[in-house]
Amino acid sequence: MNPCRRYEESVILLSHQELGRKKAVTLQKHLSQCERCSGYLHELGNVFQIIEKHFQPTSSLFLDIQW
C-alpha cells in the first residue's frame, strides 16, 4: 500500500521510533483517518518483524566492512 506522499517519510521515521513528539502527534491524527498511511505503517511493521526473525547478525558482520 502506498502512503500519502506528504506523510511517507514521517511514517517510516515513526516505524523506527525516530519521529519527534510533535510530528508524531500530527501523524497519529492523520493515521486515524487515512487508510493508506495506516496500512503502510502496518506493512512496514510486518517487514521489520520478518527481518528480525530471519536475520541474526553476527559479530563478524562488521569486521568485514572496509572503513
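Higher on the page you've got the structure.
Residues numbered from 1 in each chain as written. Predicted model: local features only at pLDDT ≥ 70, side-chain atom pairs only at ≥ 80, totals over all residues. Heavy atoms only, no water.

Quick word on the side chain of Ser-10
As for its placement among the helices and strands, Ser-10 is situated in helix 1 (residues 8-15). Residues within four places of Ser-10 in sequence aside, it is in contact with Leu-19 and Leu-27. (Helix = DSSP H or I, 4+ residues; strand = E, 2+ residues; numbered from the N terminus. Contact = heavy atoms within 4.5 Å.)

Remarks on the packing of helix 1 against helix 2 (residues 21-31)
Relative orientation of the contacting elements helix 1 and helix 2 amounts to 110°, with a least axis distance of 11 Å. Viewed along their axes, helix 1 and helix 2 adopt a mutual orientation that is roughly perpendicular. In this structure, helix 1 uses Ser-10, Val-11 and Leu-14 to contact helix 2, whose residues at the interface are Ala-24, Leu-27, Gln-28 and Leu-31. Broken down by class, the residue content of the contact of helix 1 with helix 2 amounts to five nonpolar, two polar and no charged. (Axes fitted to C-alpha atoms, helices over the stretch in contact; angles between N-to-C directions. Parallel < 35°, antiparallel > 145°, perpendicular 65-115°, else oblique. Nonpolar A, V, L, I, M, F, W, Y, C, P; charged D, E, K, R; others polar.)

Quick word on the nonpolar core
With twelve residues, the main nonpolar core is built from Cys-4, Tyr-7, Val-11, Leu-14, Leu-19, Ala-24, Leu-27, Leu-31, Cys-34, Cys-37, Tyr-40 and Leu-44. Broken down by secondary-structure element, the contributors of at least two residues to this core are helix 1, helix 2 and helix 3 (35-54). For Cys-4, the contacting residues outside a window of four places in its chain are His-30, Cys-34, Arg-36 and Cys-37. (Core = buried A, V, L, I, M, F, W, Y, C linked by side-chain atoms within 4.5 Å. Buried < 20%, exposed > 50% of the residue type's maximum accessible area, 1.4 Å probe, protein only.)

Section: the packing of helix 1 against helix 3
Relative to each other, helix 1 and helix 3 sit at 40°, their axes nearing to 10 Å. The angle between the axes of helix 1 and helix 3 places the two elements in the oblique class. In the packing of helix 1 onto helix 3, the handedness of the crossing is right-handed. In this structure, helix 1 contributes Glu-8, Val-11, Ile-12, Leu-14 and Ser-15 to the contact, and helix 3 contributes Cys-37, Tyr-40, Leu-41, Leu-44 and Phe-48. (Left-handed = near helix turned anticlockwise from the far one by under 90°.)

Some points on the side chain of His-30
Inspection of the secondary structure puts His-30 in helix 2. The class for His-30 is buried, based on a relative accessible area of 17%. Contacts of His-30, omitting those with residues within four sequence positions, involve Cys-4, Tyr-7 and Cys-37.

Side note on a nonpolar patch on the surface
Nonpolar side chains collect at one region of the surface, where Val-47, Ile-51 and Phe-55 lie side by side and expose about 270 Å² of accessible area between them. Tracing the backbone shows Ile-51 in helix 3. Look at Ile-51 and you get partly exposed, because its relative accessible area is 43%. (Patch = residues over 30% accessible without salt bridge, like charges linked within 9 Å, V, L, I, M, F, W, Y side chains within 5 Å. Areas by Shrake-Rupley, 256 points an atom, 1.4 Å probe, with all protein chains shown as cover. Salt bridge = Lys/Arg side-chain N within 4 Å of Asp/Glu carboxyl O.)

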